[in-house]
Structure formats: structure tokens, C-alpha cells
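# Coordinate inspection notes
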Amino acid sequence: MRDTTTVLVVGDDPTADRAVEEIRGRVDADVCHLRDPHDPGSRMPQVAVIILLPSAGAEVDDLVATVMSRPDCEGARLLLVTDREHLDLASAVDHHRVHGLVRASWTPGNLASYAAAELTRWRIHHAAPDDVGELGVGGEAAGDGGELGALAPRSDLLRQLRLTTDEAAAELLAAVEEVLGPRPRVHLPAGVRMTDVGEDVDQIFLVVSGRVALSVTSRAGTVTLHHASTGPVVGLLALADQRRSQVTARTTTPCEIVPLTVEQLDRALAGDPRVGGALTALSIRALSARLRRTQARRVEKTELAAEKSELAANLQQALTELEQARADLIAQARMATLGELAAGIAHELNNPVAALLRACDTVLDDLPELLAVDPLAADLVRRAGGDSAPLTAAEERSARRALSSVVSDPALVRRLVAAGMTDPQEAAQLVAGRGRDALERVEHAAGAGAALRALRLAGSHIAALVENLRQHARPDAPPDAGQRVALAPVSVLTTVEDAIRLHGHHLAGAHLEVQADANLPTVLGDARQLVQVWSNLLTNAAEATAWHSADTEAADEQAVEAEPIGAEAIGTRARGSEPDSDSAGQARITVRIQTGSDAGAGYVRVVVEDDGPGIPPELLERVFEPRFTTKHGVVRYGLGLGLGIARTIIEAHDGTITLRSRPGRTTVDVRLPAAPDGDGHADGHAADRHAADGHDADGHAADGLETGAPAGAQDEEENS
């Protein structure tokens, strides 16, 4: 079959000319000669075979790549003709570009036959299925004149390798019988052992028909090594190694066999070369089948090992999850016990706390009656012990300036304002008509009222904490993230201030700064629960910034002497000193209270930020889980429930809480929907309390809550 294919000879020396002369007319294709492999020249018909003869000194690997990169040489088969003893063909071999090597001093006629064979292989590879028959496939290749005659082997071994197993076995038996004469056939049923492990092998068995399995016995039982890959010759390998049999050969179907002793086999091999060729071909076939089976089993074993590793990993993951589930069950059991304990604590504490609060109310009602002789002191008790918020730093400075117009002594002005007296007329009457004892009595009255307010606030907070803990821990009454709370207009700024005053001991040593927008709207919610949220966030921030460092301990020694939560913490500032404005080296906690809107809906935003070490990214998603702690198992505030409770409370207020963290900064962002306009603003003078930029309306630093001293210890008037 001739087509428009080309055999291309590449080279510029006389050897290339000799190759062209020999090949032309002896292959069924056009023959072209390309002297310069780097010259693209004109495009040729499809090149099927390339005869490459590199010149002396040429880089053969690069030359092969150059020739094979020609568009008309794509898919061509290449014969490399050279007399070099050492060749660098790494790239050519790796990319399967060289299909044969021929010595430059070839025997005349061989190069043409090699080229014809490669041309036939190329045509078989590129022929359509219907055209393969035209090439002579299936005929007697060497004698029918078909194109495949170029591929017909001349040796008995290669010829017999092309036969089927049955054909090769029949040819072997025919060659043996031609030397030894007709051989008797032995018929065996299934289950007969032809060889056994450990026995000497002094004969082979030619299996004419039937199947034989090779097996060994191990601790796991009988293991079949080969069955379909046994082959028609049994015992040859042991005979070749001159060893005892390593396997048991057993018939698995009725078999017809021809036994041959070693002497008979030797005589047959010496008498007819076909016996050796056929025996070798059958052995190669059997070994090839066994090797392929071994390779397949190796791949299967590797895949099974990978599946085993995957199953082991899945099992380990399942065990880990089971251990976690077990730990969770234990934790739930503990929480159930804690719930029962919390219920008992709530029962035991609620009654005394309620009695304490009633006593506070009674004292607050009766104390002014006892001070009836001094109406001014009685009025100060009512004002200091009432529900109104204490004066901020800006309000105090404004009051000091007002009182300075009627009282000339700055120290006396500070004492009057600290006692809660802001009316210049009352101050003038007190200074003009009373002595030192009256002033001290007024101060004590204000301090007593403030102490009563602090006592009421602390008692209410204790009751709220116990109730929230009971609701969170009891398994029969878990916190409901969607549960609505009793709603009332609440000043967010006031709840933040209350949290700061109640937890001044936690915040000692930290530089706390509160920044608030002017005219903050109220939110609808539960003031006690919001105080608990800010308490949790501030306490976590304080602990994260390592407030218990040595510097803080030193600061604690210089702090105001411990007193009941009241006079100092609530902010009457009856006593105390101006804090040091230098906060270098201190941990910093910033609280920003802002207002904003989203899609037309207003909200109040509270941001608590600290400069602690941060939270690892892999733990951020778990910080709101109940019982989760980053404190290495140390049970601290809220029994590890702080952020979980905070989220539950905020979501019950229809708000959101998010947390972001990186080394050196952790930010908790809380947003609460603002109350409708009809509920008014939290404070008409919010701007005076905490300006958004940290300054009051008069331009002075809003230092009432920006101090490194214990939070709640209020500032004295700045020097003007």
C-alpha cells in the first residue's frame, strides 16, 4: 500500500548519500534528503521514518529534538545512524524520540530493511481499523507478500513468541516427539499433586490440556501463587535452579500431561533446535504472565495500603470525635450538677440579697428622717443614693467653675462638688452660715448616700449573675438565643459606666479610655443584662492584657485604700487624687460608644478593644462556645461562660456581637438597635459626659474614666 509518506534522510556526509542510495527503491515511500537539519526548507509530505546521520561534534540529543520538532515530522519514527561509542540521548530517550540505533558501517541492505520495518510500524499505528487487513495482518507475514512481511521475524524464538500458548505448546510437543518418538499421555483428575514443596525435581511436565495451580502453605493456610499464569510447562524453574520444588503443583481440572525426565529433555534439546526455542518461548510467556500478575497485585496492594491508611485516619478521626463526644457528655453531666448547685445557690443567695436590698431602701428612706435637723444633708443623701447617674468629669469641672464664683477657696470648692453640691446658692449658704462640722456632715451624708447606691447596684448585680448562671447551666432550662427580654429604654453609656465601677478591681493598672458620641439614643433592653455583657468584655480584656504584672502590683499599692463599693467606685469623689496622665507601659483598653444607621435603622455600637496578645486564628470560631476558655483550663470569671452568655444576651436584644483578633489587638464589636424616637435619648448631656474624641464640650480631656488608677477613682480638677 503506497501513500504520500516520506522516508527522510538527514545528513551532509557521504554516509548520508550512501543511505539515500540504498533506501531509495527498496521502501514503499518517497525518499528525501535533508543536508542541513536546521534548514526548515520546503514542507514535505508526511514524514514516516527519519534516518538521522549526525555530523562529527554535533550534539546528538539537541539534533534529534530539532529534527523531530519539524511540523512534517510529527509522529515519525527515527533511526539514528552513528559510529560513536558514547551518546548523550537523555532527552531523546525520555521523550521516546529514538526508535533504533544503527552502526554507520552497516551491512549493505540492512539499513533498507530496518527502514522498511519502521515504515510498516508507522503505517500500522496510523492506519484506520478497516485498512489494517490490507497491510497483511493475519497472513503468513514472511511468505504472503503482505506489507507486514517486513516485520516477520527470522529467528525461531521471536517467531514462536508470536504464536499463541497452545500453538507454541503443540510445536514443542511435535519437536520433542520428532526426536524421542511418540510420547504416552497421562490423564489426571482434578486435585492431583504433580510436584510438592521440598521434593527433588527430576522431570518436567508438559501440560497438553487442563489447568494447574501453583501454591504454598503458610501460617495463613494455602496460598495460590499462580493459576492462569502457570503455563504449559511445570517444573522447569526448579530444574533450572537445581533446587527442590518451592511450590506445590496441583491439577484443578482434568489434565492431559506428558512427563519428560531430565535425560529425555536433554536429548530433545540436542536433537532439534526448535525444542529450545519453543521451551524458551513458553517459559518467557509464563514468566511474563506471572510478572504482570505480580505487578497488578503490587498496585492492588499499594491501593489497599492507601485505603487502609485512609480508613485508619477516618477511624482515628472517629475515635477523636467519640472522645470529644464523651468529654462533652461528661461536661454536660457536670453542667447538670452545676445547674443543680446553681439553683441551690440562687435559692440561698436570693433571699439574703433581697433582704439586703430592702435594708438599703429602708436606710435610704429613714436616714433623711434622722437628718431632718439638717435638710441640706438629708437632700444630699437622697440625691447620692437615688437612681441618677453620678457627675462626670466634665460636669464636675463645670460645677467647680460655677461654685468658684461664690467660694474663693479652691480646695473647699472641690470638697463641695465631691459631696454632690452643685448649686452656687446652696454652697454660698453652707459656707456663710455653717462651720467646719457642718461641711464634714454634708460630706458624710453624700458619701453615705453613694455607698447605699453602690450597695443596691452590687446586690442587684449579684442577683442577676446568679440567675443568669442558673439559666445557662441547667440542662432543663438552657439559654434561648431567640428569647426576648423585658424591654425598657436603657442608656448604653450608663450601663457601661456601671460595669466599669463594679469591676474597678479587675481593671486596675490598665489605661481605660471611654469615648462616646453626643446625644446617644437609648436602646430597648434589660439594663442588668447589658451591665453583665460589658462586665464580661471588660474583664476578658483586662485579663488578656496581663493586668496582674509587676507594674500593676506596684500601682495597686499606690491605689486608693480598699473600701466598700461605693464612695470611691461610684464616683462621688469625696476622696481620691488626680491620676498620673502618663500611661506609658500600661495595658490599654478602649471603649467606644457610637451611633449609626444601617438601611435606615439606627443602632448603638459598643467597641471594646485591648492591646493584649490576641487570640490564635484557629480558636476564634470557638470563643463563643460554652465552657471554652483560652486560659489553659483555668476557671475564671463566669466559669468560662462569659462570651457565650454575652452573645446570648445580645442576640436576645436583637443585636449582634463579633470578635476580631490579631497579635497586639483584640476587638469586640457589639451593635444594638436604637429605641424608637418616641423613647428619647439616653442623656441630653451625653456629649458632656464622654465626647467622641475623648474630650468634653469645653475642650478638656474627658479623664473621668481615662486613668491608670483603679477604674472609678475619679479625677480632681485639672490645674488651670
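As the structure is a computational prediction, the values presented were derived from the model and not from experiment.

On to the overall build of the protein chain, then. Counting its secondary structure elements, the protein chain contains 22 helices and 20 strands. A total of 720 residues make up the protein chain; the buried ones form 42% of that total. Counting only contacts in the protein chain whose residues sit at least 6 apart along the sequence, the fraction spanning at least 24 positions is 74%. Split by element, the accessible area of the protein chain, about 37,400 Å² in all, is 52% carbon and sulfur.

For the rest of this paragraph, the subject is the packing of helix 6 (residues 165-180) against helix 8 (residues 262-271). Relative orientation of the contacting elements helix 6 and helix 8 amounts to 95°, with a least axis distance of 9 Å. Looking at the two axes, helix 6 sits roughly perpendicular to helix 8. For the pair formed by helix 6 and helix 8, the contact residues are Val176, Val179 and Leu180 on the first element and Gln264, Arg267, Ala268 and Gly271 on the second. Broken down by class, the residue content of the contact of helix 6 with helix 8 amounts to four nonpolar, two polar and one charged.

Now for the sheet that holds strand 6 (residues 186-188). With antiparallel pairing, the four strands of this open sheet are ordered in space as 6-13-8-11. Strands at the two margins of the open sheet, each flanked by one partner only, are strand 6 and strand 11 (233-234). The sheet contact formed by strand 8 (residues 203-209) and strand 13 (residues 255-261) spans six bridges and is antiparallel. By the bridge assignment, Val207 is partnered in strand 13 with Ile257. Running over the sheet, helix 6 touches strand 8, strand 11 and strand 13 and is turned about 125° from strand 8. Relative to strand 13, helix 8 is tilted by about 85°, and along the sheet it contacts strand 8 and strand 13.

A word on the sheet that holds strand 18 (residues 601-610). Across the sheet, which stays open at both edges, the five strands sit in the order 15-17-18-20-19 with mixed pairing between neighbours. Each of the sheet's edge strands pairs with one partner strand only, and the pair in question is strand 15 (511-516) and strand 19 (656-662). Taking the axes of each pair of neighbouring strands and ignoring which way they run, one obtains an average angle of 15° across the sheet. As paired strands, strand 18 and strand 20 (residues 665-673) are joined by eight bridges and run antiparallel to one another. Each bridged residue has a counterpart across the sheet, and for Tyr603 the counterpart in strand 20 is Pro673. On top of the sheet, helix 15 (residues 492-502) reaches strand 15, strand 17 (588-598) and strand 18; it is set at about 165° to strand 17, its chief contact. Where helix 17 (residues 527-544) meets the sheet, it contacts strand 15, strand 17, strand 18, strand 19 and strand 20, and its direction lies at approximately 30° from that of strand 18.

Now for helix 11 (residues 393-404). For helix 11, spanning 12 residues, the distance from its first C-alpha to its last is 16 Å, which sits close to the expected 16 Å at 1.5 Å a residue. All of the buried residues in helix 11 are Ala393, Ala394, Glu395, Glu396, Arg397, Ala399, Arg400 and Leu403.

Moving on, we come to the environment of Phe205. Turning to its location among the elements, Phe205 is positioned in strand 8. For Phe205, a relative accessible area of 9% translates into the label buried. On a C-alpha basis, the gap between Phe205 and Met194 in space is 8.2 Å, while along the polypeptide they are 11 residues apart. Those residues within four positions of Phe205 in sequence are excluded, and the remaining contacts are Met194, Thr195, Pro232, Val233, Val234, Ile257, Val258 and Pro259.

Direction vectors running N to C along helix 15 and helix 17 enclose 55°, while the axes themselves pass 8 Å from each other. Our classification of the angle between helix 15 and helix 17 gives oblique. The interaxial crossing formed by helix 15 with helix 17 has right-handed handedness. Touching Val492, Thr495, Val496, Asp498, Ala499, Ile500 and Leu502 of helix 15 are Ala527, Leu530, Val531, Trp534, Ser535 and Leu538, all from helix 17. Residue composition of the contact of helix 15 with helix 17, by class: 10 nonpolar, two polar and one charged.

The subject of this paragraph is the nonpolar core. Note that soluble globular proteins tend to have their nonpolar side chains buried in a common cluster. In this structure, Trp534, Leu537, Leu538, Ile589, Val591, Ile593 and Val670 are the most contacted members of the largest nonpolar core, which totals 42 residues. Contributions of two or more residues to this core are made by helix 15, strand 15, helix 17, strand 17, strand 18, helix 21 (642-652), strand 19 and strand 20. When sequence neighbours within four positions are dropped, the list of residues in contact with Trp534 reads Val492, Thr495, Val496, Ala499, Val606, Val670 and Leu672. One finds Val9, Ala48, Ala115 and Ala116 within the second-largest nonpolar core, a separate group that totals 23 residues.

This part covers the pattern of salt bridges. Side chains that differ in charge, positive against negative, can pair when their charged atoms come close. Overall, the coordinates contain 18 salt bridges when judged by the stated rule. One salt bridge in this structure joins Asp72 and Arg70, with 3.1 Å as the shortest N-O distance. Note on accessibility: Asp72 and Arg70 belong to one class, buried. For Glu396, the salt bridge goes to Arg400, with nearest N and O atoms at 3.2 Å. Here the residue Glu396 and the residue Arg400 both occupy positions in helix 11, the gap between them amounting to four residues, near one helical turn. With respect to burial, Glu396 and Arg400 carry one shared label: buried.

Where like charges cluster on the molecular surface, the negative patch consists of Glu300, Glu303, Glu307 and Glu310. Positionally, Glu307 belongs in helix 9 (residues 273-370).

Reading the values: rules and limits
Residues numbered from 1 in each chain as written. Predicted model: local features only at pLDDT ≥ 70, side-chain atom pairs only at ≥ 80, totals over all residues. Heavy atoms only, no water. Helix = DSSP H or I, 4+ residues; strand = E, 2+ residues; numbered from the N terminus. Buried < 20%, exposed > 50% of the residue type's maximum accessible area, 1.4 Å probe, protein only. Contact = heavy atoms within 4.5 Å. Areas by Shrake-Rupley, 256 points an atom, 1.4 Å probe, with all protein chains shown as cover. Axes fitted to C-alpha atoms, helices over the stretch in contact; angles between N-to-C directions. Parallel < 35°, antiparallel > 145°, perpendicular 65-115°, else oblique. Nonpolar A, V, L, I, M, F, W, Y, C, P; charged D, E, K, R; others polar. Pairing = 2+ DSSP bridges. Expected span 1.5 Å × (residues − 1). Left-handed = near helix turned anticlockwise from the far one by under 90°. Core = buried A, V, L, I, M, F, W, Y, C linked by side-chain atoms within 4.5 Å. Salt bridge = Lys/Arg side-chain N within 4 Å of Asp/Glu carboxyl O. Patch = residues over 30% accessible without salt bridge, like charges linked within 9 Å, V, L, I, M, F, W, Y side chains within 5 Å. Lys, Arg positive; Asp, Glu negative; His and termini not counted. Charge placed at Lys NZ, Arg CZ, Asp CG, Glu CD.

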